There are 2 protein chains.
Amino acid sequence: MSTTTSRRGDSLLALRFEAGALRAIDQTALPWEERELILASAEDVAEAIRRLSIRGAPLIGVAAGYGVAIALARDPSLKSLELACEVLASARPTAVNLSRSVQRVHTASLRAHSDADRAAAALTEARLIETEEEAASDAIARHGARLLGGARRILTHCNTGALAAPGRGTALAVVAELADRGTLERALATESRPLLQGARLTVYELSKLDIEHELIVDSAAAGLLAKGAADAVIVGCDRVAANGDVANKVGTYGLALAASAADIPFVVAGPTSTIDYDCPAGAEIAIEERDPDEVRFAGGGIVTLPHTSCRNPAFDVTPAKLVTALVTERGVASPVDACTVAALRPG
Amino acid sequence: MSTTTSRRGDSLLALRFEAGALRAIDQTALPWEERELILASAEDVAEAIRRLSIRGAPLIGVAAGYGVAIALARDPSLKSLELACEVLASARPTAVNLSRSVQRVHTASLRAHSDADRAAAALTEARLIETEEEAASDAIARHGARLLGGARRILTHCNTGALAAPGRGTALAVVAELADRGTLERALATESRPLLQGARLTVYELSKLDIEHELIVDSAAAGLLAKGAADAVIVGCDRVAANGDVANKVGTYGLALAASAADIPFVVAGPTSTIDYDCPAGAEIAIEERDPDEVRFAGGGIVTLPHTSCRNPAFDVTPAKLVTALVTERGVASPVDACTVAALRPG
């Protein structure tokens, strides 16, 4: 492990494949410590995804692709391929990018004619996924900035920047693009309990980007939106159903209700790799329930009696009708419904 | 200071007047430490209110009444009276109970014919306020339990039990009454960031009352309500405007939106001392903005970069139209509007 993080120009590089291993910023240690993990096996990568050292729907997809390639570089057998795919695809259940990315690398590997070719094919596909997601991030930033050009103050939830996706991210890439264009006055970031991705990661990214921002507790958002504190809300997504329902970080649905009540746009940004056309509606999406200790602890300290029973859903589902627009690299769906979402389908 | 808390039978006694001083459980130390503060001056009481050692709209009203009496017991002059009233009434801005209680003790004191009588008159009025609020709590519990008799799982926010009001409290008194009647299956408690009154105090009270409960982060409420996790939401109130708009702990408005979307009752419980008939609508209510460090820290640890700019409104306003019923000691207003709220006016 090294203590220096990687940058590409001004932008943060959440992970990079180098010398046969995946090097990733340990996002559980941010913003206080910039620590790099070196992940040299599929199990290492899966574990980093499970414990949220690597997180964000597009980023875990990219990481999982490299995870398969790493396994095949060590042992190119079909058994090794299957084992790696299984451990990686099952690391987290909600974001579809993970299983889709593993599936892509799996398919590419099987096309290889020899064991030796198999590892190379996997790595080529993993790199292609990363390149595609990086290009998607740029396109999302442009489409989103066009859509929200008039918004001077934007509220965002969780972390959706360069730590969540290749390139500049998804929703936060739009915020950054608006800042670059000089029209953004300020971002409002929710802390995003239980794991505080807003307070820890979004504030960290906004600080590095020199974007004016204010942090709030999650439950302050609705009242502040009612008082006109933001002109729009933009969030990412972990899985979008074919009908446009959006599974995203817990708290997203409440923000959508509050934005609707305040009559301001509620925008979801993500690559089309996040759309699951095999999932008809949000009710079908598996919502991960995580360790109750994530609720019992915050900021390193316990916040309740030690054995308190907790529920800890990591995501919630926002009905398509509350989403003003879905911004992808292939364009913007608005209104968001089965028809407009189908129109974004590649090929 | 002693380390033993006071109980009356099974119920928790958040404060008691004894030997010329106000003894209060230091609520900032709960649930880990049961520490009693001995407050021997109006300034001591005001400071305990400011730092939330004593909190909850009805309870700070009662404490402030005793604060005036304590000042007059030491120095019964009119100057002492005015000083005590000023420091206590300005301790916190949002709950109307505070200024109203101070005003009542002030008026009662001025009716006294001598300095000696003045201190006695103040103490008598302070005790009367406490007795009235205790009776109000019992009546609220009965009215609320009748209203919500069919609710087996109830979500509540912040802390509204015996630590927030004399007797068994307000909203949590209704939950406790339903548990006593054997119809309640479980309470769902929000943690109530930033100061975690739900995680620290409500969980503590529910544990002592042996009521089944689960703790969630604030932003999980909307998604869980959409999935049918509760049959009703009940909260307290810090100030109710004449038109029925409710100022309460930040996050209340978001819960009201979520309850409305889930088509379940959203009930507000509080004594009529919390209704401000001089305030026409919620937009007129002063919303306290507290120290940004309350957002920057949680569970004793820092959750973001040290100098992050934060907004920290302690309350928000829920429009009357989102409130299914307002439960007071004088009965239930439902629907909640200027007309039904006026009908609750004493005298």
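This structure is a prediction, so every number in the text was calculated from the model and none was measured. (Residues numbered from 1 in each chain as written. Chains lettered and ligands numbered in written order. Predicted model: local features only at pLDDT ≥ 70, side-chain atom pairs only at ≥ 80, totals over all residues. Heavy atoms only, no water.)

**Topic: the overall build of chain A**
Okay, so step 1: Helix and strand counts for chain A stand at 11 helices and 18 strands.
Okay, so step 2: Over its C-alpha trace chain A gives a radius of gyration of 19 Å, about what one expects of a compact globule, namely 20 Å for 347 residues.
Okay, so step 3: With the C-alpha coordinates of chain A rotated into their principal frame, the extents come out at 65 × 50 × 40 Å.
Okay, so step 4: Across the 347 residues that make up chain A, the buried fraction comes to 63%.
Okay, so step 5: Long-range contacts, defined as pairs at least 24 residues apart, comprise 73% of the intrachain contacts of chain A with a sequence gap of at least 6.
Okay, so step 6: Roughly 12,300 Å² of accessible area belongs to chain A as shown, and the carbon and sulfur atoms make up 50% of that amount.
Okay, so step 7: Separation between the mean location of the 35 positive side-chain charges and that of the 44 negative ones in chain A comes to 1 Å. (Helix = DSSP H or I, 4+ residues; strand = E, 2+ residues; numbered from the N terminus. Rg over C-alpha atoms; globule rule 2.2 N^0.38 Å. Buried < 20%, exposed > 50% of the residue type's maximum accessible area, 1.4 Å probe, protein only. Contact = heavy atoms within 4.5 Å. Areas by Shrake-Rupley, 256 points an atom, 1.4 Å probe, with all protein chains shown as cover. Lys, Arg positive; Asp, Glu negative; His and termini not counted. Charge placed at Lys NZ, Arg CZ, Asp CG, Glu CD.)

**Focus: the pairing of strand 8 (residues 213-216) of chain B**
Within a regular strand, the side chains alternate between the two sheet faces.
Residues and elements named next belong to chain B.
Okay, so step 1: Going residue by residue along strand 8, you find H213 and L215 tucked away on one face and E214 and I216 tucked away on the opposite face as well.
Okay, so step 2: With four bridges joining them, strand 7 (residues 186-190) and strand 8 adopt parallel strand pairing. Across the sheet, the residue bridging to A187 is H213, located in strand 8. (Pairing = 2+ DSSP bridges.)

**Description of the nonpolar core**
Okay, so step 1: Counting 90 residues, the largest nonpolar core has L155, F266 and L326 of chain A together with L155, F266 and L326 of chain B as its most contacted members.
Okay, so step 2: Discounting chain neighbours no more than four positions away, the residues touching L326 of chain A are V240, V268, I275, G331, V332, A333, V336, V341 and L344 of chain A.
Okay, so step 3: In this structure, L39, V45, V62 and L163 of chain B belong to the second largest nonpolar core, which totals 47 residues. (Core = buried A, V, L, I, M, F, W, Y, C linked by side-chain atoms within 4.5 Å.)

**A few points about the sheet that holds strand 3 (residues 15-18) of chain B**
All names here are of chain B.
Okay, so step 1: One open sheet holds the three strands; their spatial order is 3-4-5, and the pairing between them is antiparallel. Two strands lie at the open edges of the sheet, namely strand 3 and strand 5 (36-39), each paired on one side alone. Each strand axis lies, on average, 20 degrees off the axis of its neighbour in the sheet, ignoring direction.
Okay, so step 2: Sheet topology note: the strand 4 (residues 21-25)/strand 5 ladder contains four bridges and is antiparallel. Considered in strand 5, the bridge of I25 is made with E36.
Okay, so step 3: Of the strands in this sheet, strand 3, strand 4 and strand 5 are in contact with helix 2 (residues 57-74), which crosses strand 3 at around 15 degrees. (Axes fitted to C-alpha atoms, helices over the stretch in contact; angles between N-to-C directions.)

**Description of unusual backbone geometry**
Okay, so step 1: Here the residue pair S334 of chain A and P335 of chain A is connected by a cis peptide bond, since its omega of -5 degrees sits within 30 degrees of zero.
Okay, so step 2: Among the secondary structure elements, P335 of chain A is positioned in the loop between strand 18 (331-333) and helix 11 (338-342).
Okay, so step 3: Geometrically, the link from R193 of chain B to P194 of chain B is a cis peptide bond, its omega value of 10 degrees lying close to zero.
Okay, so step 4: One non-glycine residue, L52 of chain A, lies in the positive phi region at around 70 degrees.
Okay, so step 5: Position of L52 of chain A among the secondary structure elements: in the loop between helix 1 (42-50) and helix 2 (57-74).
Okay, so step 6: The phi dihedral of C158 of chain B is positive, around 55 degrees, even though this residue is not glycine.

**Notes on the interface of chain A and chain B**
Okay, so step 1: Each side of the interface is counted separately: chain A has 47 residues, and chain B has 47 residues.
Okay, so step 2: Contact between chain A and chain B buries roughly 3,800 Å² in total, counting both sides, with carbon and sulfur atoms accounting for 68%.
Okay, so step 3: For the pair chain A and chain B, the number of links is two salt bridges.
Okay, so step 4: Here E191 of chain B ties to R193 of chain A by a salt bridge, and the two come within 2.6 Å at their closest N and O atoms. (Buried area = accessible area lost by both parts, 1.4 Å probe. Salt bridge = Lys/Arg side-chain N within 4 Å of Asp/Glu carboxyl O.)

**Description of the pattern of salt bridges**
Residue and element names in this part refer to chain A.
Okay, so step 1: Enumeration over the complete set of coordinates arrives at 54 salt bridges over all chains.
Okay, so step 2: Salt-bridge contacts for E185 lead to R152; the nearest nitrogen and oxygen are separated by 2.9 Å. Taken together, the positions of E185 in the loop between helix 6 (171-180) and strand 7 (186-190) and R152 in the loop between helix 5 (115-147) and strand 6 (153-156) put the pair 33 residues apart, joining distant regions of the chain.
Okay, so step 3: Here E212 and R186 are joined by a salt bridge, their closest N and O atoms 3.8 Å apart. With E212 in the loop between helix 7 (197-208) and strand 8 (213-216) and R186 in strand 7, this residue pair connects regions lying 26 residues apart in the sequence.
Okay, so step 4: Here R186 falls in the partly exposed class, since its relative accessible area comes to 28%.
Okay, so step 5: Salt bridges sharing common partners tie together R16, E18, R23 and E36.

**Considering the confidence of the model for chain A**
Residue and element names in this part refer to chain A.
Okay, so step 1: Averaged over all residues, the pLDDT of chain A is 95; the fraction at 70 or higher stands at 97%.
Okay, so step 2: Every residue in residues 1-9 scores below 50 in pLDDT, and together they form 23 contacts with partners more than four places removed in sequence or on other chains.
Okay, so step 3: The ipTM for the predicted assembly is 0.95, set against a pTM of 0.95. (pLDDT = per-residue confidence, 0-100.)

**Quick word on the relation of the copies chain A and chain B**
The operation relating the two chain copies consists of a rotation about an axis and a shift along that axis.
Okay, so step 1: Superposition of chain A onto chain B requires a rotation of 180 degrees combined with a translation of 0.0 Å along the rotation axis, giving an RMSD of 0.0 Å. One copy is carried onto the other by what is essentially a two-fold rotation axis.
Okay, so step 2: Mapped onto chain B, 100% of the interface residues of chain A are again interface residues, and the two copies thus contact each other with one and the same surface. (Least-squares fit on C-alpha atoms with pLDDT ≥ 70 in both.)

**Considering the side chain of S53 of chain B**
Residue and element names in this part refer to chain B.
Okay, so step 1: Inspection of the secondary structure puts S53 in the loop between helix 1 (42-50) and helix 2.
Okay, so step 2: Side chain to side chain, S53 and D26 meet in a polar contact 2.9 Å long.
Okay, so step 3: Setting aside residues no more than four positions away along its own chain, S53 makes contact with I25, D26, Q27, T28, L37 and A48. (Polar contact = N/O pair within 3.5 Å; in protein donor to acceptor, adjacent residues only side chain to side chain.)

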